[in-house]
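# Coordinate analysis (summary)
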Amino acid sequence: MTIRQLSVFLENKTGYLNEMLAQLAKYNINIIALTVADTSEYGIVRMIVSDPEKALDILREGQFTVRMHDILSLEMDAAPGSLSKILNLFTEADICIEYVYAFSFGSKSIVVFRTNNRDKAIEIINENKLKSIREADLK
Amino acid sequence: MPREKMRALQTERLKELVNRVYNNVSFYRQRMDEAGVKPSDIKTLEDISKLPFTHKQDLRDNYPFGLFAVPMKDIVRVHGSSGTTGKPTTVGYTKNDIDNWSEVVARSFTMAGISSDDIMQVSYGYGLFTGGLGAHYGAEKVGCSVIPISGGNTRRQLQLMADFGSTALACTPSYALHLADAMAEHGYSLSDMKLKAGVFGAEPWTENMRKELERKWGIKAFDIYGLSEIMGPGVSHDCEYHCGLHVHEDHFFPEIVDPETKEPLPDGQEGELVFTTLTKEGIPLLRYNTRDLSTLYREKCECGRTLVRMKKITGRSDDMLIIRGVNLFPSQIEHVLLELGETSAHYMLYVDRKNNLDTLELKVELDESKLTDTIRDLQNLSRKIEHALNSAIGLSVKVTLVEPKTIARSEGKAKRVIDNRNK
């Protein structure tokens, strides 16, 4: 139920995000999902990509500051209220969502997120038989 | 005082001083022995160049009281230099030292036209810093009505200045400018104030700044120079002709030396300003190198004073910064970063002046291993560094994380500071 996410530290400079993306494009890495958490001086770009290992090497080679982390990932029903239903389960268990983003892949609706209590979140997922997503599902 | 008489007095005091430190301060006995110079070798003022120099590091190495020349029972006051690497530098004063200090500050204030008719607001910080108490004792000696309000609390400064009718102000030039600009915001105008003179010091300032302060406050502004190692404020002061600061050379003997060779330079040439404390008892210093850059002039001033004049400080021969009156060496920043070990030690310090107050921003390279996927972790890291810096140097610093390897590396002496003040 986890997939690997790349986090890249980027200072706020015009064209800098694109410079990073161009590197990935050059080596044929597909970006499946991307979101930016930003401050006035810098941002963290979070990405799900087609080949995380390779992307990590490419970015390091290009002098970018990058780390790889596992994050929780679930498939949602493509229907109104489905994300809220999932988050309700966490709220009831007093688990805080630190960040979340959603995207679709083929016909699948996918949500990825970080919580303040990973073990407990996994318990909830298992108990409620939520449908998890593995990297193999994103090929 | 005629020059010859002054020289005779200085020579006599120098000989007495050298004897005293040789016999009472093991550090100086050792230094003089190493240099092969005995107290009896000092016969004329020119012989001073045979004596060893003293540096700030010597005070740190002998922290806290190692350079004191009298027993602690004779020390009536201790001050500390603001912000230094690790250990502060401490100085001690005997009763006589305090009297002499009050005397030179009183002379300085008199040069600024301040008299017993004046109400002086002392807005320098009171405490270990010599500014507050130094100005305080001098003002009392003159006979001023002293308002020991200390630094900060701008609203109250302005309120008391208006209510009490302060006629003289002692503080840092940047704070004086800040107070002037804050008047409108707090509902005051120049017509509410009775200020006529300002005595500003503890940080270098330009002639333009003086003109601006005089215009904004409608006062005469004067420069007071000093450093805790030598005494505190009152080592020198400018008169109404503003053609350099008159050094109270009967107490503090000045020399200018070449920053490279350390050889004495003649009058009119710029170099490092060195002082020997001719009368100080608590912590007398031989040839203390201030690392301030200045020039000496001995022609008689238009005001009639014959005291040697030193040019307004133009800069420093080392990398020490003076931020809001606090001494700061870039190495202190490095020390904190290395001690924390959370980032690389590659940094650049940006000094600026916003609303007339000095600001510090530190850009420091993020260590990749500290990168997580949440902004909060990075913000916590910045705050942790800010907190550590604040407790180590006593100044607030804005910390900005930047990418690794983006701060320029230099092969020789690293450039660590970009000072955008006075631009």
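So, how was this worked out
- Per chain, residues are indexed from 1 in the order of the written sequence.
- Following the order in which they are written, the chains are lettered starting with A and the ligands numbered starting with 1.
- In keeping with the model being predicted, local features are shown solely for residues with a pLDDT of at least 70 and side-chain atom pairs are shown and tallied solely at 80 or more, while totals for entire chains, interfaces and linings include all residues.
- Note that the side-chain values use all heavy atoms of the structure and ignore hydrogens as well as water.
- Pairing of aromatic rings covers Phe, Tyr and Trp, the last counted by its six-membered ring, and requires centre-to-centre distances within 6.5 Å; plane angles under 30 degrees mean stacked, over 60 mean edge-to-face, and any other angle means tilted.
- Helix and strand assignments come from DSSP, with helices taken as H or I runs of at least 4 residues and strands as E runs of at least 2, each series counted from the N terminus.
- Under the scheme applied here, a residue whose accessible area is under 20% of the maximum for its type counts as buried, over 50% as exposed, and between as partly exposed, the area being computed with a 1.4 Å probe on protein chains only.
- When the NZ atom of lysine or the CZ atom of arginine is within 6 Å of a ring's centre and also within 35 degrees of its normal, the charge is said to sit over that ring.
- Detection works on a 1 Å grid of protein atoms alone, calling trapped sets that fit a 1.4 Å probe cavities and calling open sets with protein on both sides within 12 Å along at least five of seven lines pockets, with lining residues defined by an atom within 4 Å of a point.
- Grid points are joined across faces, edges and corners, and a volume is the space filled by probe spheres set on the points.
- Whether two residues touch is decided by their heavy atoms; if any such pair falls within 4.5 Å, the residues are in contact.
- By definition, the buried area sums, over both parts, the 1.4 Å-probe accessible area that each loses when the two are put together.
- The term salt bridge refers to a pairing of a side-chain nitrogen on Lys or Arg with a carboxyl oxygen on Asp or Glu at a separation within 4 Å.
- A 3.5 Å cut-off defines polar contacts: any pair of N or O atoms within that distance qualifies, except that in protein one atom must be a possible hydrogen donor and the other a possible acceptor, and neighbouring residues in sequence count only when both atoms are side-chain atoms.
- When residues are grouped by polarity, Ala, Val, Leu, Ile, Met, Phe, Trp, Tyr, Cys and Pro land in nonpolar, Asp, Glu, Lys and Arg in charged, and all others, Gly among them, in polar.
- Exposure above 30% relative accessible area and the lack of any salt bridge qualify a residue for a patch; like charges then connect within 9 Å, and the nonpolar side chains Val, Leu, Ile, Met, Phe, Trp and Tyr within 5 Å.
- Only the protein chains shown count as cover for residues, with accessible areas throughout obtained via the Shrake-Rupley method and a probe of 1.4 Å.
- Each domain's extent was defined by an automatic or database domain assignment.
- Following DSSP output, two strands are said to pair if at least two bridges run between them.
- Cysteine sulfur atoms are paired as a disulfide whenever they come within 2.5 Å of each other.

## Regarding the packing of aromatic side chains
Applying the stated criterion across every chain, the model contains 10 aromatic pairs over all chains. Ring centres 5.3 Å apart and planes at 55 degrees place the aromatic pair Phe90 of chain A and Phe113 of chain A in the tilted group. Within this pair, whereas Phe90 of chain A is found in helix H3 (residues 82–92), its partner Phe113 of chain A is found in strand S6 (residues 108–115), the two being separated by 23 residues in sequence. As far as the burial class goes, Phe90 of chain A and Phe113 of chain A line up, both buried. On the basis of an interplanar angle of 70 degrees and a centroid distance of 5.0 Å, the ring pair of Phe27 of chain B and Tyr28 of chain B is categorised as edge-to-face. A relative accessible area of 11% means that Phe27 of chain B is categorised as buried. Taking NZ or CZ as reference, Lys312 of chain B lies 4.0 Å from the ring centre of Trp205 of chain B, over its face. Just above the ring of Tyr347 of chain B sits the side chain of Arg416 of chain B; from NZ or CZ to the centre is 4.6 Å.

## Some points on empty space enclosed by the protein
Residue and element names in this part refer to chain A. Under the defined criterion, the tally for this structure stands at 2 cavities of 30 Å³ or more. Roughly 70 Å³ of volume is contained in the largest cavity. Along the walls of the largest cavity sit Ile3, Arg4, Ile32, Ile48, Val49, Ser50, Pro52, Glu135, Leu138 and Lys139, which together make up its complete lining. For the lining of the largest cavity, the secondary-structure elements that each account for two or more residues are strand S1 (2–11) and strand S3 (42–49).

## Some points on the environment of Phe65 of chain B
Residue and element names in this part refer to chain B. Turning to its location among the elements, Phe65 is positioned in the loop between helix H3 (56–61) and strand S1 (75–80). Residue classification places Phe65 among the partly exposed residues on the basis of a relative accessible area of 36%. When the C-alpha atoms of Phe65 and Lys415 are compared, they prove to be 34 Å apart, with 350 residues separating the residues in sequence.

## A few points about the interface of chain B and chain A
Tallying the contact residues gives 21 residues for chain B and 24 residues for chain A. Between chain B and chain A, roughly 1,800 Å² of surface is buried when both sides are summed, and carbon and sulfur atoms account for 53% of that area. Between chain B and chain A we count 4 salt bridges in total. Here Lys398 of chain B ties to Glu41 of chain A by a salt bridge, and the two come within 2.7 Å at their closest N and O atoms. Across the contact surface, chain B and chain A share 12 residue pairs in polar contact (both at pLDDT 80 or more). Elements supplying a minimum of two residues to the side of chain B that touches chain A: helix H10 (375–393) and strand S20 (398–402) of chain B. Here the side of chain B that touches chain A gets 5 residues from one element, more than from any other, and that element is H10 of chain B. Residue composition of the side of chain B that touches chain A, grouped by class: 7 nonpolar, 7 polar and 7 charged.

## A few points about a nonpolar patch on the surface
Together, Leu17, Leu34 and Val36 of chain A make up an exposed nonpolar region whose accessible area comes to about 210 Å². A relative accessible area of 40% places Val36 of chain A in the partly exposed class.

## Quick word on the domain arrangement of chain A
Bring the parts together and some accessible area is lost; that lost area is often taken as the interface size. Residue and element names in this part refer to chain A. Here chain A is described as being made up of domain 1 (2–69) and domain 2 (71–138). Here the C-alpha centroids of domain 1 and domain 2 sit 23 Å apart. The partner domain 2 presents 14 residues to the 12 residues of domain 1 that form the contact. Taking both partners together, domain 1 and domain 2 bury about 1,200 Å²; carbon and sulfur atoms supply 62% of that area. Together, Thr2, Ile3 and Ile32 form the three largest contributors to the area buried by domain 1 at its contact with domain 2, with a combined 50%. Here domain 1 and domain 2 share 1 salt bridge between them. Put simply, domain 1 and domain 2 have 4 residue pairs in polar contact (both at pLDDT 80 or more) between them. At the level of secondary structure, the elements contributing two or more residues to the side of domain 1 that touches domain 2 comprise S1, strand S2 (31–38) and S3.

## Quick notes on the pairing of strand S12 (residues 288–294) of chain B
Residues and elements named next belong to chain B. In terms of residue burial, S12 counts as a mostly covered element, since 6 of its 7 residues are buried. Sheet topology places strand S11 (residues 271–277) next to S12; 4 bridges connect them, and they run antiparallel. Looking at S12, one finds that Glu272 is bridged to Leu293.

## A word on the state of the cysteines
Residues and elements named next belong to chain B. Taken as a whole and assessed by the stated rule, the structure comprises 0 disulfides over all chains. Cys171 provides the cysteine sulfur closest to Cys144, a residue in no disulfide bond, and the two sulfurs are 15 Å apart. Between Cys239, a cysteine without a disulfide, and Cys301, which holds the nearest cysteine sulfur, the sulfur-to-sulfur distance is 3.7 Å.

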